Amino acid sequence: RSNSIWIATDSQGIYNLTKQKAVSVPLPGNDIPIAIYPLGNDKIIAGTYRKGLLEIDGRQVTDLGLKEIQDKVVMSAVKGPGNTILIGTQQNGAFALSPGNKIRKIKIGDINPPFVLPIAMMGEEVWLGSSFGLHQLSNTLVNQRNYSYQDLGVTAHFNFIYPLDSTMLIGSAGEGLLVFNPRTAKLTKMPGYETESSLYLIKRDKNGQL
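Given the structure is predicted, the values throughout are model-derived calculations rather than measurements. (Residues numbered from 1 in each chain as written. Predicted model: local features only at pLDDT ≥ 70, side-chain atom pairs only at ≥ 80, totals over all residues. Heavy atoms only, no water.)

Colleague: Describe the nonpolar core, listing the residues and the values that go with them.
Modeller: Membership of the largest hydrophobic core comes to 15 residues, with the highest contact counts inside it found for Trp127, Leu134, Leu152, Phe158, Ile170, Phe180 and Leu187. When residues of this core are traced back to their parent elements, those giving at least two are β12 (116-122), α1 (149-152), β16 (158-164), β17 (167-172) and β18 (177-181). Once you skip the residues sitting within four places of it in the chain, phenylalanine 158 turns out to touch Leu117, Pro118, Gly133, Leu134, Tyr149, Leu152, Ile170, Gly171, Ser172, Leu178 and Leu187. Counting 14 residues, the second-largest nonpolar core is a separate cluster that includes Leu64, Val74, Ala77 and Phe95. (Core = buried A, V, L, I, M, F, W, Y, C linked by side-chain atoms within 4.5 Å. Buried < 20%, exposed > 50% of the residue type's maximum accessible area, 1.4 Å probe, protein only. Helix = DSSP H or I, 4+ residues; strand = E, 2+ residues; numbered from the N terminus. Contact = heavy atoms within 4.5 Å.)

Colleague: Got a sec to walk through the sheet that holds strand β1 (residues 4-8)? Specific residues and values, please.
Modeller: On the basis of which strands lie adjacent, the open sheet formed by three strands has the order β1-β2-β3 and antiparallel pairing. Each end of this open sheet is capped by a strand with a single partner; those strands are β1 and β3 (21-25). On average, each strand axis in the sheet is tilted by 25° relative to the strand beside it, whichever way the strands run. Pairing of strand β2 (residues 14-18) with β3, which is carried by five bridges, proceeds in the antiparallel orientation. Bridging across to β3, asparagine 16 finds its partner in valine 23. (Pairing = 2+ DSSP bridges. Axes fitted to C-alpha atoms, helices over the stretch in contact; angles between N-to-C directions.)

Colleague: Describe the environment of glutamate 125, listing the residues and the values that go with them.
Modeller: Inspection of the secondary structure puts glutamate 125 in strand β13 (residues 125-130). If we ignore the near neighbours within four places in the chain, the residues touching glutamate 125 are Ala120, Gln136 and Leu137. At 3.2 Å, the side chain of glutamate 125 and the side chain of tryptophan 127 are in polar contact. (Polar contact = N/O pair within 3.5 Å; in protein donor to acceptor, adjacent residues only side chain to side chain.)

Colleague: Explain unusual backbone geometry to me, and be specific about the residues and the numbers.
Modeller: Its identity is not glycine, yet asparagine 112 carries a phi of approximately 45°, on the positive side. If you trace the backbone, asparagine 112 turns up in the loop between β11 (102-106) and β12. The residue alanine 185 is not glycine, and still its phi comes out positive at about 55°. If you trace the backbone, alanine 185 turns up in the loop between β18 and β19 (186-189).

Colleague: Tell me about the side chain of serine 130, residues and numbers included.
Modeller: Here serine 130 shows up in strand β13. You can call serine 130 buried: its relative accessible area is 1%. Engagement of the side chain of serine 130 in a polar contact is seen with the side chain of histidine 135, the distance being 2.6 Å. Setting aside anything within four residues of it in sequence, one finds serine 130 in contact with Pro113, Phe115, Val116, His135 and Tyr149.

Colleague: Please set out the side chain of histidine 135 residue by residue, giving values where relevant.
Modeller: Summarising the element assignment, histidine 135 is placed in strand β14 (residues 133-137). Those residues in contact with histidine 135 that sit more than four places away from it in its chain are Ile108, Pro113, Val126, Trp127, Leu128, Ser130, Asn143, Arg145 and Asn146.

Given below as structure tokens:
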């Protein structure tokens, strides 16, 4: 936003790159930022290793003080249905954050796994990857179906989910790039990427290439 880029580092906090200058934004207790979500011009939410969620406006840092995710590792923060932000944690599952910093736990079936990393919208549905496997939720965040890693035929957990047409590309931590078809509930390995052991990110360029 505002022709700037926010970068999270594992040792020096957060940097805001604008006009070819890097401005450091120190975090309380030298916390480690993991996820970044843009709120507006020069304003973001940062998911961290120890403090849960921090709001950063310019160089002003505010701890949102959300007890449900305090002292939990926040793995992801992405846009959810309506005006929600979906939060994935390493130790306490997934949450939906609404305006006014209202937060509620997302129930992911009876399993309710603690580790939730990738979160993605596909049409009106929400898909989560967890320590159990893959989860399908409605646009009201009601759990629809759960697929265990054993059901899917893989052993490595998922790092990202990227919706593509009627299928999803899934990057795994150990088994390369996978393709999941929600209609057939079939997961296959992408030919040519089997040896790319761990994948963490996909972006689309201006020409539409991934």
